[in-house]
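# Structural characterization, general
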Amino acid sequence: MESKNQLDINNRSRVHWACRRGMRELDISIMPFFEHEYDSLSLADKEVFVRLLTCDDPDLFNWLMNHGEPNDTELQRMVALIQTRNKARGPVAM
C-alpha cells in the first residue's frame with residue numbers, strides 16, 4: 001500500500017487525490033497549479049511538489065499565504081513557483 005510520503009509522481013490520479021486538502025484556501029492554490037502545471041514540470045520538480053503535499057495543511061497554508069516559509073530550499077522554490085504561476089493565470093472559480 002502506497003503511503004502519503006511515497007506517492008508515485010507518475011500516478012497522476014494519486015497525486016491529484018493528495019492535492020485535495022481540508023482547507024478551501026489550499027484547494028484554491030494547489031488544485032489549479034496541479035491541473036495546469038503538473039504535467040509540464042520536470043521529474044525533479046514533480047518530486048518536490050509531491051514532497052510538498054506531504055506537509056501539514058497549517059504549514060502549507062502559512063507558506064502559500066506568505067506567513068513564513070519552509071526551511072527546505074527546494075520546498076521554498078516550489079511554494080514560490082505555485083504562487084507565481086497561479087498569479088500569472090489569475091483567479092479561479094471553485
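Below is a short write-up of the structure.

Reading the values: rules and limits
- Residues numbered from 1 in each chain as written.
- Predicted model: local features only at pLDDT ≥ 70, side-chain atom pairs only at ≥ 80, totals over all residues.
- Heavy atoms only, no water.
- Helix = DSSP H or I, 4+ residues; strand = E, 2+ residues; numbered from the N terminus.
- Contact = heavy atoms within 4.5 Å.
- Buried < 20%, exposed > 50% of the residue type's maximum accessible area, 1.4 Å probe, protein only.
- Arc of directions from axis to C-beta.
- Core = buried A, V, L, I, M, F, W, Y, C linked by side-chain atoms within 4.5 Å.

Time to look at the environment of aspartate 57. Tracing the backbone shows aspartate 57 in helix α4 (residues 57-64). For the pair aspartate 57 and leucine 26, spaced 31 residues apart in sequence, the C-alpha to C-alpha distance is 7.7 Å. Apart from residues no more than four positions distant in its own chain, aspartate 57 is found in contact with Arg21, Gly22, Met23 and Leu26.

So, on to α4. Three or more residues of α4 are buried, namely Leu60, Trp63 and Leu64. Take α4 and look down its axis: the buried residues cluster within an arc of 90 degrees, on one side only. Buried residues along α4 sit against α2 (24-37), α3 (43-53) and α5 (73-89). Backbone geometry just after α4 places asparagine 66 at a positive phi near 65 degrees.

For the rest of this paragraph, the subject is the nonpolar core. Counting residues in hydrophobic clusters, the biggest one holds 26 residues, and the most contacted among them are Ile30, Tyr38, Phe49, Leu52 and Met78. Elements that contribute at least two residues to this core include exactly α1 (12-19), α2, α3, α4 and α5. Dropping the residues within four chain positions of it, methionine 78 is found in contact with Phe33, Asp45, Val48, Phe49 and Leu52.

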